[in-house]
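# Notes for the structure review
What follows is the residue order along each chain.
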Amino acid sequence: MIITDFLERNARLHPTEVALVEINPALHPEHVTWREYNLIESAPGGKYRREMTWRDFDIKANRFANLLLSRGVKKGDKVAVLLMNCLEWLPIYFGILKTGALAVPMNYRYTADEIKYCLDLSDSTTLIFGPEFVGRIEQIVDSLTDIKRMFYVGADTPCFADSYDEYAGYCSSVAPAIELTEDDDAAIYFSSGTTGFPKAILHTHKGLVASCQTEQNHHSQGREDVFLCIPPLYHTGAKMHWFGSLLACSRAVLLRGVKPEWVLRAVSDEHATIVWLLVPWVQDILDSIERGDIKLENFNLAQWRLMHVGAQPVPPSLIKRWKQVFPHHDYDTNYGLSESLGPGCVHLGIENIHKVGAIGKAGYLWETKIVDETGTEIKESEKVGELAVKGVGVMKRYYKNPKATEEILKGDGWLLTGDMAKYDGDGFIYLVDRKKDVIITGGENLYPVQIEDYLRRNNKLKDVAVIGLPDDRLGEIAAAIVEVKPGMTCTETELEEFCAEMPRYKRPKKFIFDVVPRNPTGKIEKPKLREKYCGGRLVEKQTTK
């Protein structure tokens with residue numbers, strides 16, 4: 001079975017049921033309900049709320065597939081997608097897959113040079129993009145010699161591209177007769193770049209299908225569930241969580257915005273039951289409620305059954321705050337990386353809320369182990385090593401990068417994640433830090449995540465990032481970049497006093513008051529901080545004692 005079979009099944013069995021909803025809060029006028037606004041034909045800038053049935057979803061995918069085939073795209077070609085989250089995103093993605101070509105989703109924060117780099121690295125020959133990227137494409141269009149065709153999603157198509165809406169609308173709505181197997185290549189994703197320039201990650205149809213099964217097993221999506229999807233669809237996390245909705249044939253809502261009020265209004269008006277949030281958004285929602293900016297009685301949230309968090313270490317104190325406000329919510333966290341097709345290779349489980357802070361145990365269809373620097377498995381609790389995972393969702397390889405592939409993908413199918421971890425006495429896995437982020441100061445290993453979690457208990461701080469700064473005497477010292485909550489003040493002396501209960505060697509030796517940069521999936525962009533505060537220097541070191 002391949003991933004597009006699920007879409008065709010849903011369109012056949014439940015053609016008129018809504019599959020996708022797009023909400024753009026920026027188009028929502030005051031004093032008008034969202035559903036009323038959808039009926040306003042003269043809504044400025046387009047309708048606030050759009051929806052699509054399973055039948056229309058499949059038809060649009062078929063039409064785009066046939067458009068690509070008519071323009072010479074063939075099985076094995078690469079088609080890049082550079083779009084903000086929108087109703088067109090997933091039909092375009094599935095249309096690419098139906099041709100036998102590989103979908104190549106791209107980060108919407110890429111600069112023009114990064115776009116060109118990733119197009120070249122992936123050998124993409126087709127690009128489909130939206131209005132937000134016209135300026136960036138214009139900067140590089142003359143140098144994109146390998147791009148044979150471009151399609152534009154939106155009004156006022158630029159002269160160097162063809163209109164997606166105009167041309168796809170005239171193509172056949174019948175699925176193309178392309179023979180595909182589960183072992184065929186399906187997609188190239190890019191690493192987040194938190195430790196360097198993005199790598200191209202190659203995945204198969206079999207891996208995509210396995211991610212559907214993992215997600216649905218973990219969160220038990222049923223036909224009546226509604227998934228609120230906020231993170232970017234170019235990332236494996238958002239899409240693979242949505243795959244659970246695909247498998248269950250249930251509705252998903254794409255929310256274009258992260259303001260706390262927008263999130264809660266979407267949950268309320270769209271009757272969302274499952275919401276995946278990133279750590280900063282969880283904090284923003286709680287802060288807004290605690291400040292009184294949001295009144296929970298103004299929203300219908302009774303049907304909301306599950307809030308889960310992923311993409312980064314989750315401070316236990318944050319989830320304790322959440323459960324105080326939303327005691328009826330099930331909570332879960334999922335660990336994953338793009339090389340393992342996003343979330344789920346390690347999974348906490350809603351029944352293990354007492355283990356909040358852990359990432360859990362091996363997910364459905366996955367195996368895990370922790371290894372030392374020689375690759376030997378570590379079984380003792382509390383001993384730190386590198387987390388390794390094994391399963392159908394492990395990448396096929398880094399595309400055009402055999403050296404990097406060899407470094408993390410071992411011959412017996414184990415993928416080295418680059419994350420340092422340990423077991424507790426019950427076999428639950430706790431992340432300690434990224435292997436490259438470990439700080440060695442005077443011979444002692446410091447794990448920034450542990451220090452960050454401690455500092456986040458301070459209710460004056462919005463965000464924290466800890467990095468190593470070069471030091472002539474100790475090799476490195478721990479520096480904490482702290483972002484103070486709006487309207488609050490905090491001094492270095494206060495933070496030093498706050499850290500007094502920490503072991504002396506773990507205490508940050510320097511506090512820097514600044515904004516903590518995060519990428520669209522919520523991960524702290526530590527290379528930016530290193531570049532800013534130590535010229536990008538990353539001290540070479542052993543990472544496990």
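Our structure is the block above this text.
Described below are features of the structure shown in this document. (Residues numbered from 1 in each chain as written. Predicted model: local features only at pLDDT ≥ 70, side-chain atom pairs only at ≥ 80, totals over all residues. Heavy atoms only, no water.)

For the protein, the count of helices and strands is 16 helices and 27 strands. Relative to the compact-globule value of 24 Å for 545 residues, the protein shows a C-alpha radius of gyration of 23 Å, a close match. Seen along its three principal axes, the alpha-carbon backbone of the protein occupies a region of about 70 × 55 × 45 Å. In the protein, which comprises 545 residues, the proportion classed as buried is 58%. A sequence separation of at least 24 residues applies to 70% of the contacts in the protein between residues at least 6 apart. Per element, the accessible surface of the protein, about 22300 Å² overall, is 49% carbon and sulfur. Side-chain charges in the protein split into 68 positive and 76 negative, and the spacing between the mean points of these groups amounts to 2 Å. (Helix = DSSP H or I, 4+ residues; strand = E, 2+ residues; numbered from the N terminus. Rg over C-alpha atoms; globule rule 2.2 N^0.38 Å. Buried < 20%, exposed > 50% of the residue type's maximum accessible area, 1.4 Å probe, protein only. Contact = heavy atoms within 4.5 Å. Areas by Shrake-Rupley, 256 points an atom, 1.4 Å probe, with all protein chains shown as cover. Lys, Arg positive; Asp, Glu negative; His and termini not counted. Charge placed at Lys NZ, Arg CZ, Asp CG, Glu CD.)

Once that is clear, we can look at the pattern of salt bridges. Within the structure shown, the criterion is met by 32 salt bridges. As a salt-bridge pair, Arg291 and Asp293 come within 2.8 Å of each other at their nearest N and O atoms. Arg291 gets classed as exposed once you look at its relative accessible area, which sits at 51%. Of the charged contacts, one joins Arg518 and Asp463 as a salt bridge, the two residues approaching to 2.6 Å between their closest N and O atoms. Of the two residues, Arg518 sits in the loop between β27 (510–513) and α16 (526–534) while Asp463 sits in strand β25 (residues 461–471), which places them 55 residues apart along the sequence. Note on accessibility: Arg518 and Asp463 belong to one class, buried. (Salt bridge = Lys/Arg side-chain N within 4 Å of Asp/Glu carboxyl O.)

Okay, the packing of helix α8 (residues 205–219) against helix α9 (residues 236–248) next. Taken N-terminus to C-terminus, the directions of α8 and α9 make an angle of 80°; their axes are 7 Å apart at the nearest point. Judged by the angle between their axes, α8 and α9 are roughly perpendicular. In this structure, α8 contributes Leu208, Ser211, Cys212, Gln213, Glu215, Gln216 and His219 to the contact, and α9 contributes Met240, His241, Phe243, Gly244, Leu246 and Leu247. Residue composition of the contact of α8 with α9, grouped by class: six nonpolar, six polar and one charged. (Axes fitted to C-alpha atoms, helices over the stretch in contact; angles between N-to-C directions. Parallel < 35°, antiparallel > 145°, perpendicular 65-115°, else oblique. Nonpolar A, V, L, I, M, F, W, Y, C, P; charged D, E, K, R; others polar.)

With mixed pairing, nine strands are arranged side by side in an open sheet as β2-β1-β11-β10-β12-β13-β14-β15-β16. For this open sheet the edge positions go to β2 (49–53) and β16 (361–362), each flanked by a neighbour on one side alone. (Pairing = 2+ DSSP bridges.)

The next point concerns helix α5 (residues 112–122). Of all the residues in α5, the buried ones are Ala112, Ile115, Cys118, Leu119, Leu121 and Ser122. In the core, the buried residues of α5 are packed alongside β3 (78–82), β4 (102–105), β5 (126–129), α6 (134–140), β8 (185–190) and β9 (200–204). Taken from the residues just after α5, Asp123 is the one with a positive phi, measuring 60°.

With that settled, the discussion passes to the pairing of strand β13 (residues 306–310). With five of five residues buried, β13 is to be regarded as a mostly interior element. Both faces of β13 are covered, namely the face carrying Leu306, His308 and Gly310 and the face carrying Met307 and Val309. Here four bridges tie strand β12 (residues 274–277) to β13, and the two strands are oriented parallel to one another. Following the sheet pairing, Ile274 is matched in β13 by Leu306. Each parallel crossover has a hand, and for β12 linked through helix α11 (residues 279–291) to β13 it is right-handed. Bridge analysis of β13 against strand β14 (residues 330–337) gives five bridges, and the strand direction is parallel. For Met307, the partnering residue across the bridge sits in β14 and is Tyr331. (Right-handed = clockwise from strand over helix to strand, strands pointing away.)

Within the fold, Asn85 resides in the loop between β3 and α4 (89–98). Within the local environment of Asn85, its side chain forms a polar contact with the backbone oxygen of Pro231, the two atoms lying 2.9 Å apart. A distance of 2.8 Å separates the side chain of Asn85 from the backbone nitrogen of Leu233, its partner in a polar contact. Not counting chain neighbours up to four residues away, the residues in contact with Asn85 comprise Ile230, Pro231, Pro232, Leu233 and Arg256. (Polar contact = N/O pair within 3.5 Å; in protein donor to acceptor, adjacent residues only side chain to side chain.)

Below, the discussion takes up the state of the cysteines. Working definition: the covalent bond between the sulfur atoms of two cysteines is a disulfide. Applying the stated criterion across every chain, the model contains zero disulfides. A disulfide-free cysteine, Cys249 has its sulfur positioned 13 Å from the sulfur of Cys212, the nearest such atom. (Disulfide = S-S within 2.5 Å.)

On to the packing of aromatic side chains. Under the criterion given, the structure shown has 17 aromatic pairs. Here the aromatic rings of Phe57 and Trp242 are separated by 6.2 Å at their centres, their planes lie at 35°, and the arrangement is tilted. A residue pair is termed long-range when its members are at least 10 positions apart, and Phe57 in helix α3 (residues 54–70) and Trp242 in helix α9 qualify at 185 residues. In this structure Phe57 comes out as buried when scored by relative accessible area, which is 0%. Accessibility expressed as a relative area gives 1% for Trp242, which makes it buried. (Phe/Tyr/Trp six-rings, centres within 6.5 Å; stacked < 30°, edge-to-face > 60°.)

All of the buried residues along helix α1 (residues 3–13) are Ile3, Thr4, Phe6, Leu7, Asn10 and Ala11. Along the long axis of α1, the arc covered by the buried residues comes to 155°, so they all point the same way. Facing away from the buried side of α1 by more than 90 degrees, the exposed set consists of Arg12 and Leu13. Looking at the packing, one finds that the buried side of α1 touches α3, α4, α8 and α9. (Arc of directions from axis to C-beta.)

Among the secondary structure elements, Tyr331 is positioned in strand β14. Not counting chain neighbours up to four residues away, the residues in contact with Tyr331 comprise Leu306, Met307, Val309, Val314, Ile319, Leu348, Gly349, Ile350, Ile353 and Val356.

Let us look at the pairing of β3. Across the five residues of β3, five count as buried, placing the element largely inside the fold. By the alternation rule, side chains of β3 split into Lys78, Ala80 and Leu82 and Val79 and Val81, which are all buried. By the bridge criterion, four bridges tie β3 to β4 in an arrangement that is parallel. Of the residues in β4, the one forming a bridge with Val81 is Pro105. Handedness of the β-α-β unit built from β3, α4 and β4 comes out right-handed.

A word on unusual backbone geometry. In this structure, Cys249 takes a positive phi of about 60° despite not being glycine. For Cys249, the location among the structural elements is in the loop between α9 and β11 (251–255). With a relative accessible area of 4%, Cys249 lands in the buried category. Its identity as a non-glycine residue notwithstanding, Glu382 has a phi of 70°, on the positive side. Along the chain, the position of Glu382 falls in the loop between β18 (377–378) and β19 (385–391).

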